[in-house]
Structures are given as structure tokens and as C-alpha cells.
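Letter by letter, the chains look like this.
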Amino acid sequence: MRIMSFSHLSHLDCSRCAERYDADEIHNLCVCGSPLLARYDLGSVTVGPADISGRPPTLWRYHEVLPVRERVISMGEGMTPLLPLPALGREFGVPGLLMKDDGLFPTGSFKARGAAVGVSRAAELGVRAFAMPSNGNASAAWTAYGARAGMRSVVAMPESAPLINRTESAITGSQLYLVRGHIGDCGQMIGALIARSNGELFDASTLKEPYRIEGKKTMGYEIVEQLGWRSPDVIVYPTGGGVGLIGIYKALREMRELGWLTGPLPRLVAVQAGGCAPIVAAFEAGATESTAWPNPKTVAFGITVPKPLGDFLILEALYATNGTAIAVDDTDTLATQALCARLEGTFICPEGAATLAAVRRLRDSGWIKETEEVVVLNTGSGLKYPAEVDVPTLDPGDRLG
Ligand SMILES: *Cc1c(COP(=O)(O)O)cnc(C)c1O
Ligand SMILES: [Zn+2]
């Protein structure tokens, strides 16, 4: 019998205990407090790589393994370039260096992957309004897709969040609150607001909502497809909440089960900033959970997450793939951002630059071999961080050159 279905979503599983949930009802966390993961009836998927390759170049080409059943809210997101970085690769001694360039997205960061899928799924489940705390890029993406879906949104952001992300959220008509505090304070205020809303506001906070990870996992599908349905040796990811890394690992395992990918899995690397590195500390201690990082601070605001809710899932993915975790200081990150623009012409975000700085260090230590193929994730455009680059100014009459 041939089962035709846009999505093969079957149910939601708790990532920690054995609870199972109906995927066609609205859910947040499991009763045990852990994130829920979408599961598919992969055995009933009849399409394969050859069918996918003829589809339009958006992340919806993997719709059988995405949770949206009928109503896709799209701005053409996905299938971003997998760029060779030959000059930087030569400089680092890693000739097989590639960058998945997720700077090319509506709202300028890969948060659009999670927002497109998360908002689409919420909309078809009947959600009319959502609320979330955000450091910036997530809010920019969710409020944009929310506006396209005709949803009302409420966002709380630290007052220190980048101006561009405030502007992007405000222009969508989102109800934006700036808070004199950090992301945790914003989360508490949003939590209280949701509790008072009598079910009117959906909690769209990271990992408290099961579907953004499904959007982010398409990074894994795209990398494997763009390499001709095989994995690289190493994938290097700038890790905040770790949703993308957990998603890539989930995608790799799904593709293996589907028979779309054979051979060993790539080693996954979590890159963090020296000023906020709870996963690196946990990895180095051989722990299965992280402890909250005090006074987090880095220019790479997208990875400023002092205690990720999915820390145990990130660490599991690192251990299971013989991966590693490494912290990079802001000075190294910004120098690498400039080097990348100079040698490769591409203006990447600090989070993406941190992965390149990590590649150089891992090559120097021998953890990455010269012959290995390494894919780094650039998760956003440098255009979103204009304040991090100094440009000297001359006075009239100064001598040029
Ligand atoms: C949110 C964000 C990250 C981290 O994403 P996670 O998958 O939650 O770890 C990395 N880079 C940028 C630019 C981001 O906005
Ligand atoms: Zn549970």
C-alpha cells in the first residue's frame, strides 16, 4: 500500500522520560519539565534523494519529515549556499573547509528556519497569539513569520539587545517590551504574562515549543544533500541553546533510518564564547548536564545562553559522535570575522566567526586532520552587527594612502 502524505509526523516524545503525546494537540514541555521531540513514521516515507532533488530550493523540500501538515507560511527560506572557503582553508591547513551560509535568510539569521516551521505548525494548530523572551534574532524571525501568519505576538528583550533586532520586531507590529535586565528576567516576565492570559498566549520560548528544532534540523538535511547525500567528517556549530546542534544530530539519525545516508556520522563540535561556555565546561568535566554560567558576556549575543534547557541533549550528541566542545574569546572571534571578509569576501556574524576560529585551534591541536572535510555553520549575516566593526575617519586635507 502506498501512503501519500505531506507530513509523516506521528507523535511527540519526551526527550528525557518515556511520555508520549498527541502531536495534533498544542503542547509545550513534558510533565517532567523536559523538551518534547517530534517523531515521524519514517517507515511510510516512500520518497528518496532522487525525488527531493527536483523540488523547489527551500527547506520545505523535506516536508515529509517536517511537522506541518497543510498550511506552510513561507518567505522562501532554506537551501542556503554551502560555500567552499579555499583561502581560509589554506591559511588554517584545512583545504576541505566549507561554510553553510545561513546569513542569507529573511531577517538575516538562521532563526528563520525555526520560525518558519514553528509558526506554520502553531498556526495550523489554532494558535492566534504567542509570547517569547529573546536576545534578538529569534524575536526578529518569529515576529516576522507571525505577522505573515496573521498572529499577534508579544516579545520581551533585554534593553541591551542589538538595536536592529528591536527595530525588526517593532516594525512587524509586535508588542515589544524592553527590560532593564537579562534574558532570564525577560523569560520570567513572559511566563507570568502567559499564565495570566488564560490560554490565549502560546509560549513560544526556545525548546518549550517542540517545532522550531524541526526547522533547524533542516541544516543537517541540506548539508548532506549538498554534499551528494553523504556527511562531512566534522560539523562545527556555534552553540547557545543548542537547538541547531540537537537538530542536526536528529536529522542525521533520521536520514540514516530513512536510508538516505550511510557511513559514519560526522563528529559534532559545539563552539561557545569564552565569556559564556557552560557546555564546554560540562563537556570537559565529562558531565551530562551543565551548570549555570555566571555573568555571561560576549559580542556573539546569539550564543549567550548561561544554562541551556537542552544541555543534556547537546552533550549526548557530542559524546555519541566523538565530537568536542571548545570556547573562543571575543578578540579571536572578531579577528577571524575580519580575516574571513578579507580572504573570502563574506561578512559573517560573530557566532559564525567563532566556529572558524575554533577550526583553526582544532587543526593546530591535531583534533582536525589536514585531509578532513569540515563544515562550519555561519548562522547569521554580519550586517546585523554593524557596531562591532571599526572604520577610521579622516579629516579633509589628511593625506590618503
Ligand atoms: C540563536 C543563535 C545561535 C545559537 O543557536 P542555538 O541553536 O540555539 O544554539 C547562533 N548564532 C546566531 C546568530 C543566533 O542567533
Ligand atoms: Zn518527560
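Residues numbered from 1 in each chain as written. Chains lettered and ligands numbered in written order. Predicted model: local features only at pLDDT ≥ 70, side-chain atom pairs only at ≥ 80, totals over all residues. Heavy atoms only, no water.

- The name an unreviewed UniProt entry gives the chain is Threonine synthase, with Kibdelosporangium persicum as the organism.
- Annotation of the chain in UniProt includes, under Cofactor (unreviewed entry), the sentence "pyridoxal 5'-phosphate". (UniProt positions renumbered as here; feature names shortened; annotations may be inferred.)

### So, the pattern of salt bridges
Okay, step 1: Under the definition given, this model contains 21 salt bridges.
Okay, step 2: For Glu-214, the salt bridge goes to Lys-250, with nearest N and O atoms at 2.8 Å. In this pair, Glu-214 sits in helix α7 (residues 212–216) while Lys-250 sits in helix α9 (residues 243–258), placing the two residues 36 residues apart along the sequence. With respect to burial, Glu-214 and Lys-250 carry one shared label: buried.
Okay, step 3: Among the salt bridges present, the one from Glu-373 reaches Arg-230, with a minimum N-O distance of 2.8 Å. With a gap of 143 residues between them, Glu-373 in strand β13 (residues 373–378) and Arg-230 in the loop between α8 (218–226) and β10 (234–238) connect regions that are remote in the sequence.
Okay, step 4: For Glu-373, a relative accessible area of 18% puts it in the buried group.
Okay, step 5: With relative accessibility at 38%, the residue Arg-230 sits in the partly exposed group.
Okay, step 6: Put simply, Asp-24, Arg-69, Arg-121 and Glu-124 are held in one network by salt bridges that share partners. (Salt bridge = Lys/Arg side-chain N within 4 Å of Asp/Glu carboxyl O. Helix = DSSP H or I, 4+ residues; strand = E, 2+ residues; numbered from the N terminus. Buried < 20%, exposed > 50% of the residue type's maximum accessible area, 1.4 Å probe, protein only.)

### Section: the coordination of the zinc ion (ligand 2)
Okay, step 1: Looking at the zinc ion (ligand 2), one finds its protein donor set to be Cys-14 (SG), Cys-17 (SG), Cys-30 (SG) and Cys-32 (SG), positioned 2.3 Å from the metal centre.
Okay, step 2: Between consecutive donor residues of the zinc ion (ligand 2), the sequence gaps follow C-x2-C-x12-C-x1-C. Here the residue Cys-17 occupies a position in the loop between β1 (9–14) and β2 (20–21), and Cys-32 occupies one in the loop between β2 and β3 (36–40), the gap between them amounting to 15 residues. (Donors = N, O, S within 2.8 Å, 3.2 Å for Na, K, Ca; no water.)

### Things to note about the sheet that holds β13
Okay, step 1: Ordered by their spatial adjacency, 6 strands build an open sheet running β4-β5-β13-β10-β11-β12, and the pairing between neighbours is mixed. If you trace the sheet from one side to the other, it starts and ends with β4 (82–84) and β12 (324–328), each paired once. Between one strand and the next, the sheet's axes are offset by a mean angle of 25°, whatever the strand orientation.
Okay, step 2: Two strands pair when backbone bridges link them, and strand β11 (residues 267–273) and β12 are joined in this way by 5 bridges, in the parallel orientation. For Ala-273, the partnering residue across the bridge sits in β12 and is Val-328.
Okay, step 3: Across the sheet, helix α11 (residues 311–320) touches β11 and β12, and the angle it forms with β11 is around 135°. (Pairing = 2+ DSSP bridges. Axes fitted to C-alpha atoms, helices over the stretch in contact; angles between N-to-C directions. Contact = heavy atoms within 4.5 Å.)

### Observations regarding the environment of Pro-133
Okay, step 1: Turning to its location among the elements, Pro-133 is positioned in strand β6 (residues 129–133).
Okay, step 2: Under the relative-accessibility criterion, Pro-133 is labelled buried at 17%.
Okay, step 3: Once you skip the residues sitting within four places of it in the chain, Pro-133 turns out to touch Ala-156, Ile-183, Cys-186, Gly-187, Ile-190 and Ser-205.

### Concerning the site of ligand 1
Okay, step 1: Among the 17 residues in the neighbourhood of ligand 1, the closest are listed as Lys-111, Tyr-237, Gly-240, Gly-242 and Thr-379.
Okay, step 2: Separating an oxygen atom of ligand 1 from a side-chain N or O atom of Tyr-237 is a distance of 2.5 Å.
Okay, step 3: Contact with the protein chains covers 96% of the free accessible surface of ligand 1, which is 380 Å².
Okay, step 4: Sorting the residues of the shell around ligand 1 by element identifies β10 and α9 as the ones contributing at least two each.
Okay, step 5: Looking at the shell around ligand 1, its residues break down into 6 nonpolar, 8 polar and 3 charged. (Near = heavy atom within 4 Å. Polar contact = N/O pair within 3.5 Å; in protein donor to acceptor, adjacent residues only side chain to side chain. Areas by Shrake-Rupley, 256 points an atom, 1.4 Å probe, with all protein chains shown as cover. Nonpolar A, V, L, I, M, F, W, Y, C, P; charged D, E, K, R; others polar.)

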